[in-house]
Amino acid sequence: MEQQIGMAAGMSGADFAVLSRVVELGQGSLRQQELARLLGWERSRLSRQLSRMEERDLVVRTAEASARMITATEAGERLLEGARPAHAAAVRRALLDLVPEAENEQFWRIIDIISSVGRSNG
């Protein structure tokens, strides 16, 4: 998937992971600590990634009260928008197309269970 996103939109899988969470879960801005938790990344890894993304004008970091906020720039949002079709196609090929039609309903029930567990732990 990372290779297909990179070829289609010129961004790494890490760029996509960060931008998609900031834009989709944070409505464009997210606390750095929350972003690290959502990604399951160590603080140092996230900091290095954000520095690279800041240099490319994909995100900005600002200090607000006791939190450091990560905000997607217009350029970051445009890049993410361009990567979404490649990501959707890659997920379809790597996962959805492999589920036999007869097991489709069971597959989606399992996805719902996984999704609800993730929401209750978040």
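*Asks:* Just checking my understanding: could you explain helix H3 (residues 32-39) for this structure?
*Replies:* Since one α-helical turn is 3.6 residues long, residues separated by three or four positions face the same way. Here H3 has its buried residues at Gln32, Leu35, Ala36 and Leu39. Buried residues in H3, looked at end-on, bunch into an arc of 100°, giving them a common side. Close packing links the buried residues of H3 with helix H2 (13-25), strand S1 (29-31), helix H4 (43-55), strand S2 (59-64) and strand S3 (67-72). Once H3 finishes, Gly40 follows within two positions and takes phi at roughly 75°, a positive value.

*Asks:* What is the right way to look at the packing of aromatic side chains in this model?
*Replies:* Aromatic rings considered in pairs are described by the distance between their centres and by the relative angle of their planes. Scanning the entire structure with this criterion turns up one aromatic pair. Relative to Trp108, the ring of Phe107 has its centre 5.1 Å away and its plane inclined at 80°; by these criteria the two rings are edge-to-face. Against the face of Trp41 rests Arg45, its NZ or CZ located 3.9 Å from the ring centre.

*Asks:* Mind showing me how you'd approach the nonpolar core here?
*Replies:* A general feature of soluble globular proteins is that nonpolar side chains tend to end up buried together. By size, the foremost hydrophobic cluster in this structure holds 24 residues, and its most contacted members are Val18, Leu35 and Leu46. Mapped onto this core, the elements with two or more residues apiece are H2, H3, H4, S3 and helix H5 (74-94). Counting residues per element, this core draws most heavily on H2, which supplies seven residues. Val18 has contacts with Leu35, Leu39, Trp41, Leu46, Gln49, Leu50 and Met53, leaving out every residue within four places of it along the chain.

*Asks:* Where do I start with the pattern of salt bridges in this structure?
*Replies:* Opposite charge on two side chains permits pairing when their charged atoms draw close. Enumeration over the complete set of coordinates arrives at seven salt bridges. Note that Glu34 and Arg37 form a salt bridge whose closest N and O atoms lie 2.7 Å from each other. With Glu34 and Arg37 both in helix H3 and three residues apart, the pair spans about one turn of that helix. The exposure class of Arg37 is partly exposed, given its relative accessible area of 42%.

Thresholds, definitions, all that
- Sequence order as written defines residue numbering, which begins from 1 separately in each chain.
- Local features in this predicted model are restricted to residues whose pLDDT is 70 or higher, and side-chain atom pairs enter the listing and the counts only when it is 80 or higher, whereas totals over whole chains, interfaces and linings include all residues.
- Heavy atoms from the whole structure form the basis of all side-chain values; hydrogens and water molecules are not counted.
- Exposure categories follow from relative accessible area, calculated using a 1.4 Å probe and restricted to protein chains: below 20% of the type maximum is buried, above 50% is exposed, and the middle band is partly exposed.
- Numbering of helices and strands runs from the N terminus, with a helix taken as a DSSP run of H or I at least four residues long and a strand as a DSSP run of E at least two residues long.
- The arc refers to the directions leading from the helix axis to the C-beta atoms.
- Contacts are assigned to residue pairs with any non-hydrogen atoms lying within 4.5 Å of each other.
- Paired rings are identified among Phe, Tyr and Trp, the last through its six-membered ring, by centres lying within 6.5 Å, and are further divided according to the angle between planes into stacked (under 30 degrees), edge-to-face (over 60) and tilted (the rest).
- For a lysine, the NZ atom is tested; for an arginine, the CZ atom; a charge sits over a ring if that atom is within 6 Å of the ring centre and within 35 degrees of the ring normal.
- By nonpolar core we mean a set of buried residues, namely Ala, Val, Leu, Ile, Met, Phe, Trp, Tyr and Cys, connected to one another through side-chain atoms within 4.5 Å.
- Salt-bridge detection follows one rule: a side-chain nitrogen of Lys or Arg within 4 Å of a carboxyl oxygen of Asp or Glu.

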